[in-house]
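So the chains spell out like this:
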Amino acid sequence: MNDNDTLAAVRDSLTTAKGSLAGVHMNTPAEAIAREGRARRRRHTLTCLGGATAAAAGAALAITALAVPGHPASQSGSPARHPGTARLAAWTVTKQVDGDITVTVRQLSDPSGLQSTLRADGVPASVTPVASPDPSCRPYPMTQALFTSVYQADKATGAGTTVLTINPSALPSGAGVWLGAAFGRQAADRGLHRAAVHQTINHAVHQPVHQVAPGADNGVLRVGLVSVSEQCTGS
Amino acid sequence: MTRVRGMEPEPAEFAEFYEATRDDCLRIVLLNVGDRHLAHDLVAEAYTRAWMSWRKVRELEVPRAWVVRTALNAHVSWWRRRRREVSLGDHDAAASGDQATLVSGDLLAALRRLPPRQREVVTLRLLLDLDTETTARVLGIAPGTVGAHLHKAVATLRTEILRPDSQEISR
């Protein structure tokens, strides 16, 4: 038996063995695969975000990123599921039927407007630029478990859009949300190294970093918890 | 909770790929590992990773080869734990009536004893029926190296084929 004969014989034997398994089927539905992939992606995103927290500082957590200034509001990124949906150019806040608050961020601007909208939906909230936090706010102790129960972040359809879901019912008594807008240089100034910013964005968004503006650094949206007070969170 | 998500595979495209390749990939992995439940877990794991990296996987020359390689290299993780922890749907209930473990013949036992690279080459060349050049590109090695690995592997497997009492496979 020469090499070719041997190869043919082995191939035939393996093919026969495979053929004998004709009754063996992979019966897991495609949707089950997609569901697990989707769940892993969400967990992966949150893990990355949690890791960024430890590297950054305090109770604040860095999450992903931003769009190009002037990017028009994407209607497809803000589905009208609720009559209370507010549509704005930079971000959209939607109150879900289960009480969750979905914040679709396309551009970090008008933080006071976002803060007012969140408060109007019953979320004690402080929204500020990272570089100029509200001095009346006090950080609320954050843990990874608490973070993942309050916040979920997803990359939304459409370039440069981030969806943050807030679960107000998971907020401990006396805690409110804090959202902070930071651009790359500001983030670095706050101790979040530029490389960490890039890593966070890349891991969480799974696509190249967006330029906030020509020549500018990249933006990140940071989230955390603060102690509620009239001055800080409005309630 | 409903939210908009990005970067997901096109559902119909991934589902089409999955439907077209899943049984073949499962059988090939099963031949390599010999245990039906393990093979199922490994293949499910590989397809889950393919879903997560679909933009990359769909551009590969032979996506199903990526699935098989990933399955053979994967550690059993979520899918296996999940089966232990919760009762599954009808699809797994149907499988439970079958034998969990294949009692393989000497040829398959020899296949499983091959060094990993030789086993990969045999799997791609003989079970997935890729040619030498494609196998080389998939594995990132030279075509000549594919030939060398295949030659060694076949020489090993040959002895099992020539044994008169060799049993191919039984279930």
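Numbering of residues starts from 1 in each chain and follows the order in which that chain's sequence is written. For naming, the first written chain is A and the first written ligand is 1, with later ones following in the order written. Confidence filtering applies because this is a predicted model: local features only for residues at pLDDT of at least 70, side-chain atom pairs given and counted only at 80 or more, and all residues used for totals across whole chains, interfaces and linings.

### Digging into the overall build of chain A
We count it as follows: Segments assigned H or I by DSSP are reported as helices when at least four residues long, segments assigned E as strands when at least two residues long, and all are numbered from the N terminus. Three exposure classes are used, all based on how many other C-beta atoms lie within 10 Å of a residue's own C-beta (placed from the backbone): buried at 20 or more, exposed at 12 or fewer, and partly exposed between those limits. For every residue pair, C-beta atoms are placed from the backbone, and the pair is scored as a contact if these atoms sit within 7 Å.
Each helix and strand in chain A was counted, giving seven helices and nine strands. Considering chain A as a whole, with its 235 residues, one finds that 43% of them fall into the buried category. The long-range share in chain A, meaning contacts at least 24 apart out of those at least 6 apart in sequence, stands at 69%.

### Focus on the overall build of chain B
Tallying secondary structure elements over chain B gives 10 helices and two strands in all. When the helices and strands of chain B are read in sequence order from the N terminus, they spell out α-α-α-α-α-α-β-α-α-α-α-β. Partitioning the contacts of chain B with sequence separation of at least 6, the portion at a separation of at least 24 is 73%.

### Description of the packing of helix α1 (residues 11-33) of chain B against helix α2 (residues 36-52) of chain B
Two numbers describe a pair of packed helices, the interaxial angle and the distance between the axes. Residue and element names in this part refer to chain B. Where we set the bar: Fitted lines through C-alpha atoms serve as axes, helices being fitted only where they are in contact, and the angles separating the N-to-C directions of these axes extend from 0 to 180 degrees. Crossing handedness follows the turn of the near helix against the far one: under a right angle anticlockwise gives a left-handed crossing, and clockwise gives a right-handed one. Side-chain classes are defined by residue name, with Ala, Val, Leu, Ile, Met, Phe, Trp, Tyr, Cys and Pro counting as nonpolar, Asp, Glu, Lys and Arg as charged, and the others, Gly among them, as polar.
In the contact formed by α1 and α2, the axes pass within 9 Å of each other and the chain directions differ by 145°. As α1 runs across α2, the sense of the crossing is right-handed. On α2, the residues touching Phe14, Tyr18, Arg22, Cys25, Leu26, Val29, Leu30 and Val33 of α1 are Arg36, Leu38, Ala39, His40, Leu42, Val43, Tyr47 and Trp51. Of the residues contributing to the contact of α1 with α2, the split by class is 13 nonpolar, one polar and two charged.

### Examining the confidence of the model for chain A
All names here are of chain A. This is how it is decided: For every residue, the predictor states its confidence as a pLDDT score lying anywhere from 0 to 100.
Per-residue pLDDT for chain A averages 66, and the proportion of residues at 70 or more is 58%. Per-residue pLDDT, averaged within each element of chain A, yields its smallest value for helix α6 (residues 194-205) (30) and its largest for helix α7 (residues 230-233) (90). Low confidence marks residues 50-88, where pLDDT is under 50. Its contacts with residues over four positions away, or in another chain, come to 120 contacts. Overall, residues 183-218 carries pLDDT values under 50, and its contacts beyond four positions in sequence, including any with other chains, amount to 75 contacts.

### What about helix α7 (residues 106-113) of chain B?
An α-helix turns once per 3.6 residues; consequently, residues spaced three or four apart project the same way. Definition in use: Note that the arc is defined by the directions from the helix axis to the C-beta atoms.
Residues of α7(B) that are buried include every one of Leu107(B), Leu108(B) and Leu111(B), and no others. What you see down the axis of α7(B) is that its buried residues fit within an arc of 95°, all on one side.

### A few points about the nonpolar core
Spelled out, the test is: As used throughout, a nonpolar core is a set of buried Ala, Val, Leu, Ile, Met, Phe, Trp, Tyr and Cys residues joined through C-beta atoms within 7 Å of each other. An automatic or database domain assignment supplies the residue ranges for each domain.
By size, the foremost hydrophobic cluster in this structure holds 48 residues, and its most contacted members are Val29(B), Val43(B) and Tyr47(B). It is α1(B) that provides the largest number of residues to this core, a total of 10 residues. When we break this core down by domain, the ones giving at least three residues each are domain 1 (8-100) and domain 2 (102-171) of chain B. Counting residues in each nonpolar core, the second largest holds 30 residues, with Ile101(A), Leu114(A), Val123(A) and Val223(A) among its members.

### A short note on the environment of Thr145(B)
Note on placement: Thr145(B) falls in helix α10 (residues 143-161). Through-space distance from the C-alpha of Thr145(B) to that of Val121(B) is 9.7 Å; in sequence the pair is 24 residues apart.

### Some thoughts on the confidence of the model for chain B
Residue and element names in this part refer to chain B. When the pLDDT values of chain B are averaged, the result is 77; 70% of them are 70 or greater. Looking over chain B, one finds the lowest element-wise mean pLDDT in helix α6 (residues 90-96), namely 34, and the highest in helix α9 (residues 132-139), namely 94. Across residues 76-104, where pLDDT falls below 50, the model places 34 contacts with residues more than four positions away in sequence or in other chains.

### Some remarks on the environment of Trp51(B)
All names here are of chain B. Mapped onto the fold, tryptophan 51 is located in helix α2. Looking at tryptophan 51, the number of C-beta atoms within 10 Å reads 25, which means it is buried. Taking the C-alpha atoms as reference points, tryptophan 51 and proline 11, 40 residues apart in sequence, are found 9.5 Å from one another.

### A closer look at the pairing of strand β4 (residues 101-105) of chain A
All names here are of chain A. As a reminder of what qualifies: Here, a strand pair is defined by DSSP locating no fewer than two bridges between the strands.
Most of β4 is tucked away, with five of its five residues classed as buried. Here β4 shows a buried face lined by Ile101, Val103 and Val105 and a second buried face lined by Thr102 and Thr104. The hairpin turn running from strand β3 (residues 91-95) into β4, its antiparallel successor, is five residues long, and glycine 99 in that turn takes a positive phi close to 95°. Where β4 meets strand β7 (residues 162-166), five bridges bridge the pair, whose relative direction is antiparallel. Paired with isoleucine 101 across the strands is isoleucine 166, a residue of β7.

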